[in-house]
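Given next are the chains, with one letter for each unit.
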There are 2 protein chains.
Amino acid sequence: MTIGDEILFGQITDTNTQWIGTELTNVGIRATRKTSVGDNAEDILAALGEALARVDLLIITGGLGPTKDDITKHTLCKFFDTELEINEDALQLISDFFNRRGRPMTELNRQQAALPKNCTYLQNDWGTAPGMWFEIDGKIVVSLPGVPFEMKNLMTQRVLPRLLTFFKPPIIRHKVIRTIGIGESTLAEMIEFWEDSLPQHIRLAYLPHFGQVRLRLTATGDDENQLASELAYETERIMPVIKKWVYGYDHDEMETVVGKLLMTQHATLSTAESCTGGFVAHKLTSIPGASRYFTGSVVAYDNDVKMNTLGVPMADLLDYGAVSEQTVSTMAEGVRKLMHTTYGIATSGVAGPDGGSPEKPVGTIWIACASPSRTTTRMLTLTKHRAVNIELTATYVLDLLMKCILEEVAQ
Amino acid sequence: MTIGDEILFGQITDTNTQWIGTELTNVGIRATRKTSVGDNAEDILAALGEALARVDLLIITGGLGPTKDDITKHTLCKFFDTELEINEDALQLISDFFNRRGRPMTELNRQQAALPKNCTYLQNDWGTAPGMWFEIDGKIVVSLPGVPFEMKNLMTQRVLPRLLTFFKPPIIRHKVIRTIGIGESTLAEMIEFWEDSLPQHIRLAYLPHFGQVRLRLTATGDDENQLASELAYETERIMPVIKKWVYGYDHDEMETVVGKLLMTQHATLSTAESCTGGFVAHKLTSIPGASRYFTGSVVAYDNDVKMNTLGVPMADLLDYGAVSEQTVSTMAEGVRKLMHTTYGIATSGVAGPDGGSPEKPVGTIWIACASPSRTTTRMLTLTKHRAVNIELTATYVLDLLMKCILEEVAQ
């Protein structure tokens, strides 16, 4: 449960609950509900009641600051029918905190050491808001500050170890298979036999994302090694059917996979971008160390740049247009030559919303990959939406590049 | 309410609810609770019941995909005690969708057109999962796909307009003043007198964002025109104090403002990017019609590209290094010359996390703007975080460009 108007009103991105969800999942505690309420005692009390009626563990973040609108502690007192009292250890820590910074400790700060009588004090090594641990009828309520690094430190150092001794959770393991170039439903029908044959304790989820579909297997049990080998077995079992579309596993991003592939081949890459306007280069260079295989890009938005810098023949632009197989091929070959790289990839299309024509409507995009032995092209028919077209084109041109590299290696 | 195990397990960041929270706040609807549940009928049913007991409006996202783990529709049927039936409009749209892409429509896709009998169909212009609108005892339940751009389009085009006619929230008007180059607290002290003098029904919020601070005035009342003129008056009143740092209003993005400025001057722009790796070009080309003033970019990640394509003297690279005033100046002048543009801007720095040195630690970044009459440079000392440094550098180099254009015009 997160507490704070700023979350409900959309003024901040709540990253705490995602982090907590991941940590709980990793230790085999299954999160079943996430709730955000405002800085309002009634709403908090109601949410506390509903939550404890449902679950064995409730983790609360936020509302522990020194200011008036932070009411979590008082509300917890009301909920547990107890009152606040100064915790000496907490007080000591807070005054040390201000001494170290040579700042005066105000009464507001002193009050941060006041905790509900029935809680166990959890020391916050990074700030002045203490953590609190409550036990009630075999259930646990934990209250933590909302400041991410304070919360994370408290979770890792104090909360998770206690939880694992209090509950004996089942073990949960995940395996994510990342595919590109196949639709969610086509994929689903193709692997239905497999999905239906999965054992009860292994669940499958489809996570579609900009032309990609991620298959997430979630296995629950009590033997870590067995779960790992079961996930490996199931992955191996379906791989022959979907191999063609799989580009990575778990946290592999496409640009990371491409980078590794290029490095293992001691190969280099450059890009020539028209409709993607530099987004492909941006994706590639968002990976630390990209300079080991990525030399650069020519964003050829204007046809003069396509001609003068990339060497696209004016005749091609006149005869076939900028959005054509001929132009995108010479763009890819041009940048490959200009930057002396093993591979050159190029994009040219009508990103939209304007600029479409009957023959080439918005969403018509050509991509190309020039490799040492050949130049491969593909035409894409995408959406009416500029941002989406740019994202999708970047994904597909990296996919094309991967396939070209593998072909090249196979020779 | 968001539906999906991947949210509870922390596998994706939920940005939908933040966006929805902002939109609702903007139209005067107060969000009181945010709930996430897994792909589990029981939990969803429980959450639906709890929510409708509490609120007049419930917006649900997620769980509308074609696959087995997407159970929102069936669960809604159970909740409303009705059943699914094919909606012909939805079916038409879905088959058109697949025809346009030349992909076969599977039975799973066809089933996406099956909607609960008691719902009003909301057309999804961007995908195959329809939106649904339910009315029950004067309360509204809306169910939307979880894919952010589909959800946002449905909210803006279909849901918000209906909500405003169904509920009659008080009128809320916003005025955003966008500043760059001044810190939040300095700004706050400077305009405190003004903030304190604002009428009760006009609230001020500070929204810092990557080197920018946005001042958002929110006026609540029942007379739209009066609110508008009050906001205009307050904006005018503070402008003399902050003019120097203001680059735009409301939804003006920096790249939009730069674009307009270039067009009014009949001027053109090209970029030479090292540490930003194409992100500046991407920002510029994310604006429709950018081709009218943006010719292109050279992403010079490799020093050879800096020398061969941009004409940076090898001597400069040897004497001063790639991250230096000399190099970034010649990069800006080089691309301006290469692409025959009025202005050329350049970036070169240590984005991190690696590559820092005692003299040039991570976050040391040089930017330059070459204009017809002079070349202006600036050194930035930013953070340790690659993504943040790339974002900030793009913002600051566009700020530098704006100032150079205004200088040039003033001559």
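Everything quoted here is computed from the prediction, not taken from an experiment.

**Some words on the packing of aromatic side chains**
When we look at a pair of aromatic rings, we describe it by the centre distance and by the angle of the planes.
At step 1: Applying the stated criterion across every chain yields a total of 13 aromatic pairs over all chains.
At step 2: Relative to Phe167(B), the ring of Phe166(B) has its centre 5.0 Å away and its plane inclined at 75°; by these criteria the two rings are edge-to-face.
At step 3: Residue class for Phe166(B) comes out partly exposed when judged on its relative accessible area of 31%.
At step 4: Using a relative accessible area of 19% as the deciding quantity, one classes Phe167(B) as buried.
At step 5: An aromatic cluster is built from Phe79(A), Phe80(A) and Phe134(A), whose rings are joined through pairwise contacts.
At step 6: Its end group placed over the ring of Phe97(B), Arg101(B) keeps NZ or CZ at 3.9 Å from the ring centre.
At step 7: Above the ring of Trp133(B), the side-chain terminus of Arg162(B) is found at 5.2 Å from the ring centroid.

**Here's the deal with the domain arrangement of chain A**
At step 1: When its domains are assigned, chain A resolves into domain 1 (2-166), domain 2 (171-249) and domain 3 (254-410).
At step 2: One C-alpha centre belongs to domain 1 of chain A, the other to domain 3 of chain A, and the line joining them spans 50 Å.

**Focus on the sheet that holds strand E17 (residues 375-381) of chain B**
At step 1: Read from one edge to the other, the open sheet built from 10 strands follows the order E17(A)-E16(A)-E15(A)-E13(A)-E14(A)-E14(B)-E13(B)-E15(B)-E16(B)-E17(B), with strand pairing classed as mixed. In this open sheet, the two edge strands, each paired with only one partner strand, are strand E17 (375-381) of chain A together with E17 of chain B. The average undirected angle you get between the axes of adjacent strands in this sheet is 10°.
At step 2: Bridging between strand E14 (residues 294-300) of chain A and strand E14 (residues 294-300) of chain B involves five bridges; their strand directions are antiparallel. The residue of E14(B) that forms the bridge with Val299(A) is Ser297(B).
At step 3: Lying over the sheet, helix H15 (residues 325-338) of chain B contacts strand E13 (269-273), E14, strand E15 (343-349), strand E16 (364-370) and E17 of chain B, oriented at roughly 145° with respect to E15(B).
At step 4: Against the sheet, helix H16 (residues 386-410) of chain B contacts E13, E15, E16 and E17 of chain B, and its axis sits at roughly 30° relative to E16(B).

**Section: H15(B)**
Residues and elements named next belong to chain B.
At step 1: The terminal C-alpha atoms of H15 lie 20 Å apart, and with 14 residues this matches the ideal 20 Å at 1.5 Å per residue to within 8%.
At step 2: Here H15 has its buried residues at Thr327, Val328, Ser329, Thr330, Met331, Ala332, Gly334 and Val335.
At step 3: Following H15 by one or two positions, His340 has its phi on the positive side, about 50°.

**Some words on the packing of helix H11 (residues 254-264) of chain B against H16(B)**
Residues and elements named next belong to chain B.
At step 1: Direction vectors running N to C along H11 and H16 enclose 25°, while the axes themselves pass 10 Å from each other. By the angle between their axes, H11 is roughly parallel relative to H16. Crossing handedness for the pair H11 and H16: left-handed. From H11, Met254, Glu255, Val257, Val258, Leu261 and Leu262 reach across to H16, where they touch Thr395, Leu398, Asp399, Leu401, Met402, Ile405 and Leu406.
At step 2: Classifying every residue of the contact of H11 with H16 by side-chain character gives 10 nonpolar, one polar and two charged.

**A word on the interface of chain A and chain B**
Many descriptions give the size of an interface as the accessible area lost when the pieces come together.
At step 1: If you look at the interface, chain A gives 75 residues, while chain B gives 72 residues.
At step 2: Summing both partners gives a buried area of about 6000 Å² for chain A against chain B, and 53% of it is carried by carbon and sulfur.
At step 3: Counting the contacts that link chain A with chain B gives five salt bridges.
At step 4: Counting residues per element, the side of chain A that touches chain B draws most heavily on E14(A), which supplies seven residues.
At step 5: Across the side of chain A that touches chain B, the residue classes tally to 31 nonpolar, 28 polar and 16 charged.

**What about the environment of Ile71(A)?**
Residues and elements named next belong to chain A.
At step 1: One can find Ile71 in the loop between strand E3 (57-61) and helix H4 (72-80).
At step 2: C-alpha separation for the pair Ile71 and Leu400, spaced 329 residues apart in sequence, amounts to 55 Å.
At step 3: Apart from residues no more than four positions distant in its own chain, Ile71 is found in contact with Asp39, Asn40, Ala41, Ile44 and Gly63.

**Let's talk about the pattern of salt bridges**
At step 1: One pass over the structure, following the stated rule, counts 28 salt bridges over all chains.
At step 2: Arg203(A) is the salt-bridge partner of Asp5(B), the closest N and O atoms lying 2.9 Å from each other. Linking Asp5(B) in helix H1 (residues 5-8) with Arg203(A) in strand E10 (residues 202-209), this pair reaches from one chain into another.
At step 3: A residue is classified by how much of its surface remains accessible, and Asp5(B), at 3% relative accessible area, is buried.
At step 4: For Arg203(A), a relative accessible area of 37% translates into the label partly exposed.
At step 5: Note that Glu234(A) is salt-bridged to Arg237(A), the shortest N-O span being 2.7 Å. Highlighted residues: Glu234(A) and Arg237(A), both in helix H10 (residues 224-242), separated by three residues, approximately one helical turn.
At step 6: We classify Glu234(A) as buried; its relative accessible area is 5%.
At step 7: Among the residues examined, Arg237(A) registers a relative accessible area of 28% and is labelled partly exposed.
At step 8: Where salt bridges share partners, they join Arg33(A), Arg54(A) and Glu50(B) into one cluster.

About the cut-offs
Residues numbered from 1 in each chain as written. Chains lettered and ligands numbered in written order. Predicted model: local features only at pLDDT ≥ 70, side-chain atom pairs only at ≥ 80, totals over all residues. Heavy atoms only, no water. Phe/Tyr/Trp six-rings, centres within 6.5 Å; stacked < 30°, edge-to-face > 60°. Buried < 20%, exposed > 50% of the residue type's maximum accessible area, 1.4 Å probe, protein only. Lys NZ or Arg CZ within 6 Å of the ring centre and 35° of its normal. Domains from an automatic or database assignment. Pairing = 2+ DSSP bridges. Helix = DSSP H or I, 4+ residues; strand = E, 2+ residues; numbered from the N terminus. Axes fitted to C-alpha atoms, helices over the stretch in contact; angles between N-to-C directions. Contact = heavy atoms within 4.5 Å. Expected span 1.5 Å × (residues − 1). Parallel < 35°, antiparallel > 145°, perpendicular 65-115°, else oblique. Left-handed = near helix turned anticlockwise from the far one by under 90°. Nonpolar A, V, L, I, M, F, W, Y, C, P; charged D, E, K, R; others polar. Buried area = accessible area lost by both parts, 1.4 Å probe. Salt bridge = Lys/Arg side-chain N within 4 Å of Asp/Glu carboxyl O.

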